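# Descriptive structure summary
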Amino acid sequence: MPVDTKAATDRLMRFLAVEGVTGQEAAIGRELAAALKEAGVPAKAIRLDDANTRIPVPTETGNLIVDLPGRGALHNQPRIMFMTHMDTVPLCAGAKPKKSGRKIVNEARTALGGDNRCGCGVLVTLAAELARQKLDHPPITLLFCVREESGLYGARHVKLDELGSPVMAFNYDGGAASNVVIGAVGADRWSVEIFGRASHAGVAPERGISSTMIMALALADVKAGGWFGKVVKGKRQGTSNVGPVTGGEGRPAGDATNVVTDYVHVRGESRSHDGKFFKEITRAYKAAFEKAAKKVTNAQGKSGKVKFKAETDYYPFRMKDSQPVIKRAVEAVSAVGGAPNVRTANGGLDANWMVRHGIPTVTFGAGQNEAHTVDEWINLDEYDRACALAVQLATMR
């Protein structure tokens, strides 16, 4: 069952040229729908859901869902699903893809968008090859998620009854097609507002309460306690990071050097494969900010205040090796000449939410390299293998 690799690469180049940063996926959604129709998928089988109406941040469009009825000897087998995400990180805006040998590179000083236009190319190529070769396959759902890069929102808010009850799913998001990812970390996304008191820093600094100093003391406490970066507490491990520090809504924290800063907004994250431990890391940050706020007082004895919020972005999972989805994945990788590398990931995947929804999901790579950087490039050999793997997964008996 050879795949038309030239057509597959042409699709990938086509999708890479369409901008679609996270939350702004309408244009790439239209391009994917057009390519699916050109591949022989009936228009009535392609639709957008309303997940964007439930996502708590502005999102142009819903998830793109495609229903492919079963064909031939496998037409009455249980439904399976193939999925990917159609958004890119904001750094990809303005990308100019260029083929260079067996690579796709970028002529612009931006990220390329292989994460995850590669997955989009694989799924559309799967639909095209099933139609072109008239291959027997079970009923298949194709799911292209929105807002993966900004919180896995599309996968989180999809309605299960829209998916047709698949018994297993295969997600494309990563580098090597032989990687069989069967687990991933969970993560909290947290933020803290620090409220101080403004005063003239040169005339009456003692009347002020510095939000900046509260932040500095809190982060120093977190670092001293071993809760920043790679976190190891006995046998438990995780990571944490402090992200944007602003005055809220992207404004600078503080208005001038001669004014004691009265407000700072900090965002960060905590991760671990241990579902309890990443929350413990978050609690360590919360305790440090609350402690620091009490320490910073003015001449009148008043202290600062903090408002700490945390939300679980996604939950960790690790499927058992005996599950049918893993057996099928390993067998398919071997069948296309790969060496299955069964592993877990330290980043969040749409698979986190699919497993949470009750759909066992394995994730494969599709040629991405140096994702989320200006050095990003795509390995076309791995992309071709990923396309062949998808056809194998869809047609196995």
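The preceding data block contains the structure.
Let me begin by describing the structure that accompanies this report. Note that this is a predicted model, so its numbers are computed, not measured.

We now examine the packing of aromatic side chains. One pass over the structure, following the stated rule, counts ten aromatic pairs. Both rings, one in F82 and one in F170, keep their centres 5.5 Å apart while their planes meet at 40 degrees; by these two values the pair is tilted. With a gap of 88 residues between them, F82 in strand β3 (residues 80–85) and F170 in strand β7 (residues 168–172) connect regions that are remote in the sequence. Look at W190 and F308: their rings are 5.6 Å apart centre to centre, the planes differ by 20 degrees, and that puts the pair in the stacked class.

What links the strands of a sheet is backbone hydrogen bonding, and the strands pair in either a parallel or an antiparallel sense. Taken in spatial order, the five strands line up as β10-β11-β12-β9-β13 in an open sheet, and their pairing is antiparallel. Of all the strands in the sheet, just β10 (229–233) and β13 (305–314) have a single pairing partner and so form its edges. In this sheet, neighbouring strand axes are inclined to one another by 25 degrees on average, regardless of whether the strands run parallel or antiparallel. Relative to β13, strand β9 (residues 186–195) runs antiparallel, the two sharing nine bridges. By the bridge assignment, I194 is partnered in β13 with V306. Contacts from helix α5 (residues 211–224) reach β9, β11 (236–246), β12 (263–272) and β13 within the one sheet, and its direction differs from that of β12 by about 20 degrees.

Here we come to the sheet that holds strand β18 (residues 377–379). If you walk across this open sheet you meet the four strands as β4-β5-β18-β17, and the pairing is antiparallel. Two strands in the sheet have a free side with no partner beyond their single neighbour: β4 (97–100) and β17 (368–369). In this sheet, β18 lies alongside strand β5 (residues 103–106) in antiparallel orientation, the contact comprising two bridges. Its bridge partner lying in β18, K103 is registered against N379. Across the face of the sheet, helix α9 (residues 380–395) comes into contact with β4, β5 and β18 while running at roughly 55 degrees to β18.

Rules of the game
- Residues numbered from 1 in each chain as written.
- Predicted model: local features only at pLDDT ≥ 70, side-chain atom pairs only at ≥ 80, totals over all residues.
- Heavy atoms only, no water.
- Phe/Tyr/Trp six-rings, centres within 6.5 Å; stacked < 30°, edge-to-face > 60°.
- Helix = DSSP H or I, 4+ residues; strand = E, 2+ residues; numbered from the N terminus.
- Pairing = 2+ DSSP bridges.
- Axes fitted to C-alpha atoms, helices over the stretch in contact; angles between N-to-C directions.
- Contact = heavy atoms within 4.5 Å.

So, to be careful, I would describe these as geometric facts and stop short of saying anything about function.
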